[in-house]
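Here are the chains, one letter per residue:
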Amino acid sequence: MERSTFVYDGDCAFCTRCAEFIDRRVPTGARVVPWQFVDLDALGLSEAECEEAVQWVGADGSRAAGPDAIARLLGDSGPLWRIAGTGLRFPPVRVVAWPAYRLVARNRHRMPGGTAACALPQEARERLYGPSGRPATDA
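Residues numbered from 1 in each chain as written. Predicted model: local features only at pLDDT ≥ 70, side-chain atom pairs only at ≥ 80, totals over all residues. Heavy atoms only, no water.

A. Looking closely at the overall build of the protein chain. Regarding its fold elements, the protein chain presents seven helices and four strands. Ordered by position from N to C terminus, the α and β elements of the protein chain give β-α-β-α-α-β-β-α-α-α-α. About 8200 Å² of surface is accessible on the protein chain, with carbon and sulfur atoms providing 58% of the total. (Helix = DSSP H or I, 4+ residues; strand = E, 2+ residues; numbered from the N terminus. Areas by Shrake-Rupley, 256 points an atom, 1.4 Å probe, with all protein chains shown as cover.)

B. Focus on the sheet that holds strand β2 (residues 31-34). One open sheet holds the four strands; their spatial order is β2-β1-β3-β4, and the pairing between them is mixed. The open sheet has two free edges, formed respectively by β2 and β4 (63-65), since each of these has just one partner strand. For this sheet, the mean inter-axis angle between neighbouring strands, taken without regard to orientation, is 20 degrees. Two strands pair when backbone bridges link them, and strand β1 (residues 5-8) and β2 are joined in this way by four bridges, in the parallel orientation. Across the sheet, the residue bridging to Phe 6 is Val 32, located in β2. Strand contacts of helix α4 (residues 66-75): β1, β2, β3 (55-57) and β4, with the helix running at about 120 degrees to β4, the strand carrying the most contacts. (Pairing = 2+ DSSP bridges. Axes fitted to C-alpha atoms, helices over the stretch in contact; angles between N-to-C directions. Contact = heavy atoms within 4.5 Å.)

C. Quick look at helix α6 (residues 91-106). With 16 residues, α6 extends 23 Å from end C-alpha to end C-alpha; this agrees with the ideal 22 Å at 1.5 Å per step. Largest kink in α6: about 30 degrees, centred on Ala 97, with the proline Pro 99 one to four residues after it. (Expected span 1.5 Å × (residues − 1). Bend = angle between axes of the 7 residues up to and from the residue.)

D. Looking closely at the environment of Glu 2. Note on placement: Glu 2 falls in the segment before β1. Each C-alpha atom, one on Glu 2 and one on Gly 58, is 9.1 Å from the other, the two residues being 56 residues apart in sequence.

E. Quick peek at the packing of aromatic side chains. Scanning all chains against the criterion turns up two aromatic pairs. Taking 5.7 Å as the distance between ring centres and 70 degrees as the angle between the ring planes, the aromatic pair formed by Trp 98 and Tyr 101 counts as edge-to-face. Here Trp 98 and its partner Tyr 101 are both found in helix α6, three residues apart, which amounts to about one turn of the helix. Classification of Tyr 101 as buried rests on a relative accessible area of 16%. (Phe/Tyr/Trp six-rings, centres within 6.5 Å; stacked < 30°, edge-to-face > 60°. Buried < 20%, exposed > 50% of the residue type's maximum accessible area, 1.4 Å probe, protein only.)

F. Broad picture of the packing of helix α5 (residues 79-89) against α6. As a packed pair, α5 and α6 sit with axes 5 Å apart at the nearest point and diverge in direction by 80 degrees. Comparing the axis directions of α5 and α6 gives the class roughly perpendicular. In this structure, α5 contributes Gly 87, Leu 88 and Arg 89 to the contact, and α6 contributes Pro 91, Val 93, Arg 94 and Ala 97. In the contact of α5 with α6, the residues fall into four nonpolar, one polar and two charged. (Parallel < 35°, antiparallel > 145°, perpendicular 65-115°, else oblique. Nonpolar A, V, L, I, M, F, W, Y, C, P; charged D, E, K, R; others polar.)

G. Representation of the nonpolar core. In this structure, Phe 6, Val 32, Trp 56 and Leu 73 are the most contacted members of the largest nonpolar core, which totals 18 residues. Of all the secondary-structure elements, those providing two or more residues to this core are β1, α1 (13-25) and α4. Here this core gets four residues from one element, more than from any other, and that element is α1. The contact partners of Phe 6, leaving out residues within four places of it in the chain, are Ile 22, Arg 31, Val 32, Val 33, Val 54, Gln 55, Trp 56, Ala 69, Ile 70 and Leu 73. (Core = buried A, V, L, I, M, F, W, Y, C linked by side-chain atoms within 4.5 Å.)

What follows is the structure, given as structure tokens:
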């Protein structure tokens, strides 16, 4: 693989806002893409993994999820962001990073930019909104 890839939930408004922040503010060489628009098999990821947490697949094939994926993304970025990534890997910080990540993930529909659809599992979102993210119509 040529470039590392950071994969997020493109159906979640909060996740998408975070990805937009990364695009604007975090100088990384990694691709930042929603899992719904990437070849998961080529990355060695499953839908279940991507619904569970953000994912990192390094150019070297290394993988990480959740706050560990965020730490890898930051480590692949500019100098100040690399410091933040290193800090996220520091053992005392890492101990609280996963519970904090889970708390945010469970409540992402309540976060700034989140919507009620963010709280639904992918299967329910597709049933209600269709694969395009727009409400399904009975025609």
